[in-house]
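Here is what each chain is made of, one letter per residue.
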Amino acid sequence: MKKYSDTYFEKKYKILANKLIQKDGFDETVKTTRAELGLPKNGFTSTRELAQFLIGKMSKDEQMSLTFFAFVEAYAYENKIFI
């Protein structure tokens, strides 16, 4: 029986997945949806860039709540208390 490596299956899966995505028109759907939402064509380069984008889309009240909860979580972690 022939043995295959994990890299073989990884490459094979990637090829099949790319063919399926192109066949179903998924690429075009993603591109149009990203354009509608104002997202970059190739996605975000880092989690920081994604976070800045999402925070920029929030209202001022949502941004304040997020800042408050982040502060409370950091304070609780640093002081080893449960809030």
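The structure presented is a predicted model; accordingly, all values stated were derived computationally and were not measured.

A. Structural view of the overall build of the protein chain. Tallying secondary structure elements over the protein chain gives four helices and zero strands in all. Start at the N end of the protein chain and walk to the C end: the helices and strands fall as α-α-α-α. The C-alpha atoms of the protein chain give a radius of gyration of 21 Å, which is well past the 12 Å a tight globule of 83 residues would have. For the protein chain, the spread of C-alpha atoms along the three principal axes comes to 60 × 40 × 20 Å. Across the 83 residues that make up the protein chain, the buried fraction comes to 4%. Surface accessibility of the protein chain: about 8200 Å² in total, with carbon and sulfur atoms responsible for 61%.

B. Examining the pattern of salt bridges more closely. Under the defined criterion, the tally for this structure stands at one salt bridge. When the shortest N-O distance is used, the salt bridge between Lys31 and Glu28 registers 4.0 Å. Of this pair, Lys31 and Glu28 both sit in helix H2 (residues 26–37), three residues apart, which is roughly one turn of that helix. The class for Lys31 is exposed, based on a relative accessible area of 52%.

Parameters at a glance
- Residues numbered from 1 in each chain as written.
- Predicted model: local features only at pLDDT ≥ 70, side-chain atom pairs only at ≥ 80, totals over all residues.
- Heavy atoms only, no water.
- Helix = DSSP H or I, 4+ residues; strand = E, 2+ residues; numbered from the N terminus.
- Rg over C-alpha atoms; globule rule 2.2 N^0.38 Å.
- Buried < 20%, exposed > 50% of the residue type's maximum accessible area, 1.4 Å probe, protein only.
- Areas by Shrake-Rupley, 256 points an atom, 1.4 Å probe, with all protein chains shown as cover.
- Salt bridge = Lys/Arg side-chain N within 4 Å of Asp/Glu carboxyl O.

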